[in-house]
Amino acid sequence: MKNTVVLLTVLICAAIGLGQEKTSAPSAPPAAAAAPTKDPVTAALRILLPRFRGNILGAITAMPADKFNYKPTPDQMTFAHLLVHTIGSNNMLCPKVADIAAPKVEELKETDSKDKLLAAATASFDFCAEALGKMDDSKLGDSIDVFGGGRQYPRAMAALGLASGWADHYGAAAMYLRLNGILPPSAQPKK
């Protein structure tokens with residue numbers, strides 16, 4: 001019985017690789033550690049921008065024009081209001097994170113057409129791409145008035161607000177789409 005247990009143990013170890021000998025082939029040298037990212041906050045925003053740009057613009061495109069006045073409950077904003085808010089957020093926060101002038105844009109209304117809101121959203125993301133192209137992390141510690149009203153925050157607050165805003169705005173848009181029987185862009189099958 002003892003020999004059977006020993007033999008069984010050896011076979012199990014061999015089967016899972018514990019009893020195998022090392023090969024004589026030389027092992028690969030360890031991979032070099034990646035160099036630290038210069039301007040990691042800026043780099044992260046630049047990575048996030050195309051994803052949220054595509055998803056938010058895709059959500060606008062997917063929602064039928066006659067559903068732009070849709071809101072899930074009486075206390076929630078309409079889909080069009082969400083878009084006006086998203087566009088305003090881009091046009092306010094992107095210049096603040098990059099320390100550049102805000103774009104001169106026409107004031108939008110939630111009653112504006114789907115085409116007009118889509119064009120304004122596209123322009124706001126194009127502006128953000130331009131702004132982030134001029135940004136670096138050197139000024140993130142500067143105190144600025146991020147949201148109006150004079151209260152000072154580090155410029156980094158605008159960067160965090162921008163990234164979290166994109167996630168929040170797309171999450172809301174995706175919910176509005178799903179509540180209307182439309183699969184959001186991020187849930188679409190990959191081609």
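Throughout this document, residue positions are counted from 1 along each chain, in the order its sequence is written. Owing to the predicted nature of the model, reporting of local features is limited to residues with pLDDT of at least 70; listing and counting of side-chain atom pairs is limited to 80 or more, with chain, interface and lining totals taken over all residues. Calculated side-chain values reflect all of the structure's heavy atoms, with hydrogen atoms and water omitted.

### A word on the environment of leucine 49
With respect to the helices and strands, the residue leucine 49 is situated in helix α2 (residues 40-62). Relative accessibility under 20% of the residue-type maximum defines a buried residue, over 50% an exposed one, and the middle range a partly exposed one, all with a 1.4 Å probe and only protein chains included. Given a relative accessible area of 7%, leucine 49 falls into the buried group. Along the chain, leucine 49 and leucine 162 lie 113 residues apart, while their C-alpha atoms are 9.7 Å from each other. Contacts are residue-level and defined by heavy atoms, with any inter-residue pair within 4.5 Å sufficient. Non-local contacts of leucine 49, meaning those with residues more than four positions away in its chain, are made with Phe125, Cys128, Ala129, Leu132 and Trp166. Numbered from the N terminus, helices here are DSSP runs of H or I no shorter than four residues, and strands are runs of E no shorter than two.

### Observations concerning the packing of aromatic side chains
Each pair of aromatic rings taken from Phe, Tyr and Trp, with Trp reduced to its six-membered ring, is defined by centres within 6.5 Å and is described as stacked if the planes are under 30 degrees apart, edge-to-face if over 60, and tilted in the remaining cases. Within this structure, the stated rule accounts for six aromatic pairs. Ring geometry for phenylalanine 79 and tyrosine 176: centres 6.1 Å apart, planes at 45°, overall tilted. In this pair, phenylalanine 79 is assigned in helix α3 (residues 79-98) and tyrosine 176 in helix α5 (residues 155-179), connecting sequence segments 97 residues apart. Here the aromatic cluster, defined as three or more aromatic residues joined through ring pairs, consists of Phe68, Tyr70, Phe79 and Tyr176. Distance and angle both matter: a charge sits over a ring if NZ of Lys or CZ of Arg is within 6 Å of the ring centre and within 35 degrees of the ring normal. Just above the ring of phenylalanine 52 sits the side chain of arginine 51; from NZ or CZ to the centre is 5.3 Å.

### A closer look at the packing of α3 against α5
Interaxial distance between α3 and α5 falls to 9 Å at its minimum, and their mutual angle equals 160°. For the element pair α3 / α5, the angle class is roughly antiparallel. The handedness of the crossing between α3 and α5 is left-handed. Side by side, α3 and α5 meet where Phe79, Leu82, His85, Thr86, Ser89, Asn90, Leu93, Cys94, Lys96 and Val97 of the first sit next to Arg155, Ala158, Ala159, Gly161, Leu162, Trp166, His169, Ala172, Ala173 and Tyr176 of the second. A breakdown of the residues in the contact of α3 with α5 according to their chemical character gives 12 nonpolar, six polar and two charged. Only the stretch in contact is used when fitting a helix axis, every axis being a line fitted to C-alpha atoms; angles between N-to-C directions are given from 0 to 180 degrees. Every angle not falling under 35 degrees, over 145, or within 65 to 115 is termed oblique; those three ranges are roughly parallel, roughly antiparallel and roughly perpendicular. Two helices crossing with the near one rotated counterclockwise from the far one by less than a right angle form a left-handed crossing, whereas a clockwise rotation gives a right-handed crossing. Each residue gets one of three labels, nonpolar for Ala, Val, Leu, Ile, Met, Phe, Trp, Tyr, Cys and Pro, charged for Asp, Glu, Lys and Arg, and polar for the others, Gly among them.

### Section: the pattern of salt bridges
Salt bridges are identified by distance alone: a Lys or Arg side-chain nitrogen within 4 Å of an Asp or Glu carboxyl oxygen. In total, this model carries nine salt bridges according to the counting rule given. For aspartate 112, the salt bridge identified is with lysine 116, shortest N-O distance 3.9 Å. The class of lysine 116 is partly exposed, set by a relative accessible area of 27%. Taken together, the shared-partner salt bridges in this structure form one network comprising Asp99, Lys139, Asp142 and Arg155.

### Side note on the confidence of the model for the chain
Confidence in the prediction for the chain averages 88 pLDDT; 84% of positions are at 70 or higher. Think of pLDDT as the predictor's per-residue confidence, scored from 0 to 100. Below a pLDDT of 50 lies the segment residues 1-23, which in the model reaches four contacts outside its immediate sequence neighbourhood of four places, other chains included.

### A closer look at the packing of α2 against helix α4 (residues 114-133)
At their nearest, the axes of α2 and α4 sit 10 Å apart, and the two run at 175° to each other. Comparing the axis directions of α2 and α4 gives the class roughly antiparallel. Together, Thr42, Leu45, Arg46, Leu49, Phe52, Arg53, Ile56, Leu57, Ile60 and Thr61 of α2 and Lys114, Leu118, Ala121, Thr122, Phe125, Asp126, Cys128, Ala129, Leu132 and Gly133 of α4 make up the contact between the two elements.

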